[in-house]
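# Residue-level structure breakdown
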Amino acid sequence: MKQHHFIQGRAGKVLGCLIVLGISLAAVGQTSCDSLDRHLAFLQTIYDQNRSETKPERKKKLYQQYINESKKGAAIATRCFASQAVAAGSVGYLKNNYLVGKLYLQAYACDDARKSFDLCLGNPHCGTERIGAAGTYAQVIGRYNCNRPQVEGSANSNGYSLDYDGKGNAFVKNVFAQVAEGTYNETPLLPDEIEKIMARTVWAADTIDVARVRQLSGQDKYLLAPPFLLMQTGSAFASVPIKWEKNLALNTQTGAPAPMLADYNAFMQKHYQAIQQTYFDKYNATDKLIPVYLAGGDYSQTGVKDFLSFCNQIHYRAWKKVAYYMPLDNSIVAWASSGGGTLVHELVHALMAGDFPQAPWWLNEGMASLHEEANEQGMPVNNYRLILIQQAIARDQYCIDWRDLIRTAKYEGADQTTYNLLHGYSRYFCKFLHDKSGKDGLAAIYRQIRDGAALTDTGQIAIIGQVAHLTADQLQQQWQAWLLTERVTQRWEPTIRGMVSEFPKTYQYPFKKATAAYPDQSLQALQEYYKSKMKERTVRSGSSHGVGPQQF
């Protein structure tokens, strides 16, 4: 008899899984089961080669080979297990079906994977039997989602059921462009990698010491300050002030003191308190910690290489991002030099994952990006996302209908420009609601959608209209006019010229033209409408543009 390991087999590790599946196979007479052992060892070889390969074309071929061989492995496993007398409802039956499901999942045979996982979920042991430190079978299966890999150049190819999008596009393309293409790995995470990442979760009751921190980050520097566990990785932090904005400069402040972990903690605690109390009152800070991995190093080609290497080390992937939130282990990973705005953005994702994990895409992305840039008083201010929207409106003479934005699920397969545009619209719809009704108004919308389980498009649209005291058409009219007259802060001005030249002539756009429903709302008419409202508000309150709640 021999023990079958999905990730660890007799030939060594197979795909890096953390657990022994415990499937007993007869040593004699079970050709298909012997073949399964050999095939899993072969898959391990392909996986190891793909991890170490630096040439992009060779890496792609290995990944495709891995997909193809995984499907063959699922067929072999099915034949092997069919030859065994394993009782339905037993732990062995659970583990057999789980292995087959994962192999199908790796091959993107989604229907077959779901059938196997459904058998697992119907097993009485699924909610109690554990896959090591990753959690129960039910918890791990709950993290799986089956999507084909994204087309080359598409956005959001971050893996299985990672209901987030890594953020931090702070216009440092010239830095990322200097990094060899083989440094990146943006293919979807494999099921076994998901298990390993989930096993990295840091629970509030865990013992945190140097040994545990070394296990997590590979280094010794850390600061435990619940709900955060801050860890410094790589070289010392660059001399970059921690402000509530993204860092645009590629150089550091000469002579300025480099921040310490305590400085980053003070910054994050301040914003955690303000944001959590305003919106995320159901967030449970006593359950698990939020590990914050802060990569040191200058904002340079060397710095980004070190950062990407660390991402690849702990999460098996290196995306073209300067920061991201990883829901599988509830962690934030950031290149510290990229600025405090990226940290706040990812913090919102982390808090929302605990407060409202089913939050619709527009609300999750909109609120995270809303808080990525603010003034000293904590009021969100305009940034580069507005530039994308205004350029699209000026060129194509239409704006997205806000109801279409609400109806849009996480947009898989969008090209990068379309994705950035949708992201921008999400931020600026949330910012419009925030500026119109104040943070309390936006908080009311968020909590009513969360507490009322109004996840349907119709329910969300109704709540927004009720809180805003506007019909859908009135809201569209005022939002469009507001978008046209808002302006970015001065620090973004140099970026505008570069963005204009990079904005493509064509891009994917899945929505109808909003102005088709409002033929009388030309751009000029909308601008004049908002200008008149601006004058009225100035006369009433004497307030300046962009400061405080705006009541229309």
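Scope of this entry: the structure provided in the associated data block. Keep in mind that this is a model prediction, so the values were computed, not measured.

Definitions and cut-offs
- Residues numbered from 1 in each chain as written.
- Predicted model: local features only at pLDDT ≥ 70, side-chain atom pairs only at ≥ 80, totals over all residues.
- Heavy atoms only, no water.
- Salt bridge = Lys/Arg side-chain N within 4 Å of Asp/Glu carboxyl O.
- Helix = DSSP H or I, 4+ residues; strand = E, 2+ residues; numbered from the N terminus.
- Buried < 20%, exposed > 50% of the residue type's maximum accessible area, 1.4 Å probe, protein only.
- Pairing = 2+ DSSP bridges.
- Axes fitted to C-alpha atoms, helices over the stretch in contact; angles between N-to-C directions.
- Parallel < 35°, antiparallel > 145°, perpendicular 65-115°, else oblique.
- Left-handed = near helix turned anticlockwise from the far one by under 90°.
- Contact = heavy atoms within 4.5 Å.
- Nonpolar A, V, L, I, M, F, W, Y, C, P; charged D, E, K, R; others polar.
- Expected span 1.5 Å × (residues − 1).
- Arc of directions from axis to C-beta.

Applying the stated criterion across every chain, the model contains 21 salt bridges. The partner of Lys102 in a salt bridge is Glu195, with the nearest N and O atoms 2.6 Å apart. Note that Lys102 is positioned in helix α3 (residues 91–106) and Glu195 in helix α7 (residues 191–198), a separation of 93 residues in sequence. No difference in accessibility class separates Lys102 from Glu195, as the two residues are buried. Note that Asp281 and Arg450 form a salt bridge whose closest N and O atoms lie 2.9 Å from each other. With Asp281 in the loop between α9 (261–278) and β7 (290–297) and Arg450 in helix α15 (residues 416–451), the pair connects residues that are 169 residues apart, well separated along the chain. Residue Arg450 is classed as buried on the basis of its relative accessible area of 9%. Three or more residues joined by partner-sharing salt bridges are found here, namely Asp281, Lys282, Asp355, Arg447, Arg450 and Asp451.

Burial of β7 is extensive: 8 of the 8 residues sit out of reach of the surface. Residues Ile290, Val292, Leu294 and Gly296 of β7 are buried on one face, and the alternating residues Pro291, Tyr293, Ala295 and Gly297, pointing to the opposite face, are buried as well. Alignment of β7 against strand β9 (residues 331–335), held across 4 bridges, turns out to be parallel. Each residue of the ladder has a partner; that of Val292, found in β9, is Ile332.

It is the contact of α3 with helix α4 (residues 110–121), at a shortest axis distance of 8 Å, that shows an interaxial angle of 160 degrees. In terms of axis orientation, α3 runs roughly antiparallel to α4. Read as a crossing pair, α3 and α4 show a hand that is left-handed. Seen from α3, the contacting residues are Tyr93, Leu94, Asn97, Tyr98, Val100, Gly101, Lys102, Tyr104 and Leu105; seen from α4, they are Asp112, Ala113, Ser116, Phe117, Leu119 and Cys120. Along the lines of polarity and charge, the residues of the contact of α3 with α4 split into 10 nonpolar, 3 polar and 2 charged.

On to α4, then. The first and last C-alpha atoms of α4 sit 16 Å apart over 12 residues, in line with the 16 Å expected at 1.5 Å per residue. All of the buried residues along α4 are Cys110, Ala113, Ser116, Phe117 and Cys120. Each buried residue of α4 sits inside an arc of 130 degrees when the element is viewed along its axis, so together they form one side. Every exposed residue of α4 that faces more than 90 degrees away from the buried side is listed here: Asp111, Lys115 and Asp118. On its buried face, α4 is in contact with α3 and α5 (137–141).

So, about the sheet that holds strand β5 (residues 222–225). As summarised here, the arrangement of the 5 strands in space is β5-β6-β7-β9-β8, forming an open sheet in which the pairing is mixed. Edge positions in the sheet fall to β5 and β8 (323–326), since each has one partner strand and no second. For this sheet, the mean inter-axis angle between neighbouring strands, taken without regard to orientation, is 15 degrees. Here 4 bridges tie β5 to strand β6 (residues 228–237), and the two strands are oriented antiparallel to one another. Paired with Leu224 across the bridge in β6 is Leu229. Its contacts with the sheet place helix α11 (residues 340–355) against β6, β7, β8 and β9, and it is angled at close to 10 degrees to β8.

The quantities given are spatial measurements derived from coordinates; they are silent on function.
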